[in-house]
Amino acid sequence: MSIDSKTVVVNDRVYAWPKQPVVVVCVDGCEPAYIEQAISDGIMPYLAKALKNGTDARADCVVPSFTNPNNLSIVTGQPPRVHGICGNYFYDQDQDAEVMMNDPKFLRAPTIFKKFFEEGAKIAVVTAKDKLRRLLGHGLTFEEGRAICFSSEKSNETTLAENGIEDASSWIGREVPSVYSAELSEFIFACGVKLMDEFQPDLMYLSTTDYIQHKHAPGTPVANEFYAMLDKYLAQLDERGAVIALTADHGMKPKHDDAGEPDVIFLQDVMDEWLGKDVARVILPITDPYVVHHGALGSFATAYIPEEVRAETIAKLAKMDGIMHALSRAEGCEKFELPEDRTGDVILVSTADKVLGTSADRHDLSALKEPLRSHGGVSEQRVPLLLNRATPNLEGDRNLRNFDAFDLALNYAQTS
């Protein structure tokens, strides 16, 4: 079979074999306004020029608009109902424990990387935090020298056996950046360019952290500095012949009151008052080990509520100021394409300006130095979907999702 006709089927979607290197970039927390403002301010000259002859689209991400569900949607081409990762964190009823959803055992579908690797492709994955690395690299093996997968966070601990590269920090010649820094993302792009030169992958995935987006609004000096850095590396990837697709796992919105304090509905406190202490169990799927920039406050929550008071409680929640959706498990999972067995009895989404918490005494907000910006709801669902190539055969009325990034890059944007 010639390269022009070879295809790979992944999770019921058909992908063409790459004729050029394909790089998909997930810019964590990239509200479309960040790039729109940066281009308007003249600090992303490469992307401004590329989009004139490329593809400048918008897409919807997965709700809950959090990191793990969306990254896994992008790399499987399917929503959480298929791949199973519906939060950063969930209540595992089998273990009767609240756990991080970063173990590959929770993944229910193969990644695009796994299937292309099995067909002989070279794969490179660089992500910011190690919480994603094992999920993104699931199914890759490193003995043949055709796969590399590591995080900036643990780049000084990489091995050939586990990551396909020995001590990536020394390889790139950079110290491991702070997990709370823009440098954690810049490290990824520097590695991406060097991997293009030395490893020459067929498919590469670069996924950043949203530390900057949580703290700095579009068009602010620090945000623009971040996007100027991004533009520089995109230009270098383009120079190396890559088809680039850029999207985001979610957007970002201000979630504070006029005094700059987080505008929070503490759901556990509310339900404790209504039902009695700990009769309900509230789960915040935004929860991860990196709470300095968001305090575990996001715009999506689930709750486990006794059946005899469930319908009444959902009805009361739906009437609360700041609640956009209060849905039963069946309704919410149907609407947001989620797996029912990993979701609470009720699904809650707040309005654009609000966040959801558990109890006020469970959230340490002392590290929040700027007014809170966060995500998780429908209001953060719109994201960019940009390519440095035209996609002339793309249907104009298609409802694009961020997990269409590989489809557009492989099936619509390649040149002969």
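Sequence order as written defines residue numbering, which begins from 1 separately in each chain. Under the rules for a predicted model, residues below a pLDDT of 70 receive no local features and side-chain atom pairs below 80 are neither given nor counted, while totals for whole chains, interfaces and linings still include all residues. For the side-chain quantities, the full set of heavy atoms in the structure was used; hydrogens and water were omitted.

In this section: the sheet that holds strand S8 (residues 147-151). Read across the open sheet, the seven strands follow the order S4-S19-S10-S3-S9-S7-S8; overall the sheet is mixed. The open sheet has two free edges, formed respectively by strand S4 (55-60) and S8, since each of these has just one partner strand. The mean inter-strand angle of the sheet, taken between neighbouring strand axes irrespective of direction, is 10°. For two strands to be treated as a pair, DSSP must find no fewer than two bridges joining them. Counting from the N terminus, the helices are the DSSP runs of H or I reaching at least four residues and the strands are the DSSP runs of E reaching at least two. Of the pairings in the sheet, the one linking strand S7 (residues 123-127) to strand S9 (residues 203-207) comprises five bridges and is parallel in character. Axis angles are defined between N-to-C directions and span 0 to 180 degrees, where every axis is a line fitted to C-alpha atoms and, for a helix, only to the segment in contact.

The sheet built from four strands is open, its strands ordered S13-S14-S16-S15 with antiparallel pairing. Each end of this open sheet is capped by a strand with a single partner; those strands are strand S13 (281-283) and strand S15 (323-328). The average angle at which neighbouring strand axes cross in this sheet is 20°, direction not considered. The contact definition used throughout considers only heavy atoms, calling two residues in contact when any of these lie within 4.5 Å. Where helix H12 (residues 267-275) meets the sheet, it contacts S13, strand S14 (300-304) and strand S16 (346-350), and its direction lies at approximately 165° from that of S13. The strands that helix H14 (residues 329-336) touches are S14, S15 and S16; relative to S15, the one it contacts most, it runs at about 115°.

Attention now moves to the pattern of salt bridges. By salt bridge we mean one thing: a side-chain nitrogen of Lys or Arg within 4 Å of a carboxyl oxygen of Asp or Glu. For the structure on display, the rule yields 30 salt bridges. In this structure, Arg134 engages Asp103 in a salt bridge whose closest nitrogen and oxygen atoms are separated by 3.9 Å. With a gap of 31 residues between them, Arg134 in helix H6 (residues 130-136) and Asp103 in the loop between strand S6 (97-100) and helix H5 (112-118) connect regions that are remote in the sequence. Note on classification: 1.4 Å probe, protein chains only; a residue is buried when its accessible area is under 20% of the maximum for its type, exposed when over 50%, partly exposed between these limits. The class of Asp103 is partly exposed, set by a relative accessible area of 24%. When salt bridges with common partners are traced through the structure, they connect Arg13, Glu395, Arg398, Asp404 and Asp407 into a single cluster.

Once that is clear, we can look at the pairing of S16. Counting buried positions along S16 yields five of five residues, so the element is predominantly enclosed. Judged by which residues are buried, S16 turns out to be covered on both faces: Val346, Leu348 and Ser350 on one side and Ile347 and Val349 on the other are all buried. Direction of pairing for S14 relative to S16: antiparallel, over a ladder of four bridges. Looking at S16, one finds that Thr302 is bridged to Ile347. Across five bridges, the pairing between S15 and S16 is antiparallel. What sits directly across from Ile323, in S16, is Ser350.

Okay, the packing of helix H2 (residues 45-52) against helix H11 (residues 221-239) next. Where H2 meets H11, the axes come as close as 7 Å, and the angle between the chain directions of the two elements is 50°. What the angle tells us is that H2 and H11 run oblique. For the pair H2 and H11, the contacting residues are Pro45, Tyr46 and Leu47 in the first and Asp231, Leu234, Ala235 and Asp238 in the second. Side-chain classes follow a simple rule in which Ala, Val, Leu, Ile, Met, Phe, Trp, Tyr, Cys and Pro form the nonpolar group, Asp, Glu, Lys and Arg form the charged group, and the remainder, Gly included, forms the polar group. Here the contact of H2 with H11 is composed, by residue class, of five nonpolar, no polar and two charged. Each angle is binned into one of four classes, with values under 35 degrees roughly parallel, values over 145 roughly antiparallel, values of 65 to 115 roughly perpendicular, and all other values oblique.

The next thing to look at is the environment of Pro201. Turning to its location among the elements, Pro201 is positioned in the loop between helix H9 (183-198) and S9. Residue Pro201 is classed as buried on the basis of its relative accessible area of 3%. In sequence terms Pro201 and Val125 are 76 residues apart; their C-alpha atoms lie 9.6 Å from each other. Not counting the four nearest positions on each side in its chain, Pro201 is found in contact with Pro21, Lys122, Ile123, Ala124, Leu195 and Met196.

Looking now at unusual backbone geometry. With an omega dihedral of 15°, the bond running from Val63 to Pro64 counts as a cis peptide bond. You can see Pro64 is positioned in the loop between S4 and helix H3 (67-76). One non-glycine residue, Asp12, lies in the positive phi region at around 70°. With respect to the element layout, Asp12 can be found in the loop between strand S1 (7-10) and strand S2 (13-16). Within the chain, Glu337 stands out as a residue other than glycine whose phi angle is a positive 60°. With respect to the element layout, Glu337 can be found in the loop between H14 and S16.

Here we come to the packing of aromatic side chains. In this scheme Phe, Tyr and Trp rings, the latter by its six-membered ring, pair at centre separations within 6.5 Å, and the angle between planes marks the pair as stacked below 30 degrees, edge-to-face above 60, and tilted otherwise. Considering all chains together, one arrives at 13 aromatic pairs under this definition. Taken together, a centroid distance of 6.4 Å and an interplanar angle of 90° make the contact between Phe66 and Phe300 edge-to-face. With Phe66 in the loop between S4 and H3 and Phe300 in strand S14, the pair connects residues that are 234 residues apart, well separated along the chain. For Phe66, a relative accessible area of 0% corresponds to the buried category. A relative accessible area of 2% places Phe300 in the buried class. Relative to Phe106, the ring of Phe90 has its centre 5.1 Å away and its plane inclined at 85°; by these criteria the two rings are edge-to-face.

So, about the state of the cysteines. The term disulfide is used for any two cysteine sulfur atoms that are within 2.5 Å. Tallied over the full model, the rule gives zero disulfides. No disulfide involves Cys61; its sulfur sits 9.6 Å from that of Cys26, the nearest cysteine. Note on Cys191: no disulfide assigned, nearest cysteine sulfur contributed by Cys149 at a separation of 12 Å. Residue classification places Cys191 among the buried residues on the basis of a relative accessible area of 0%.

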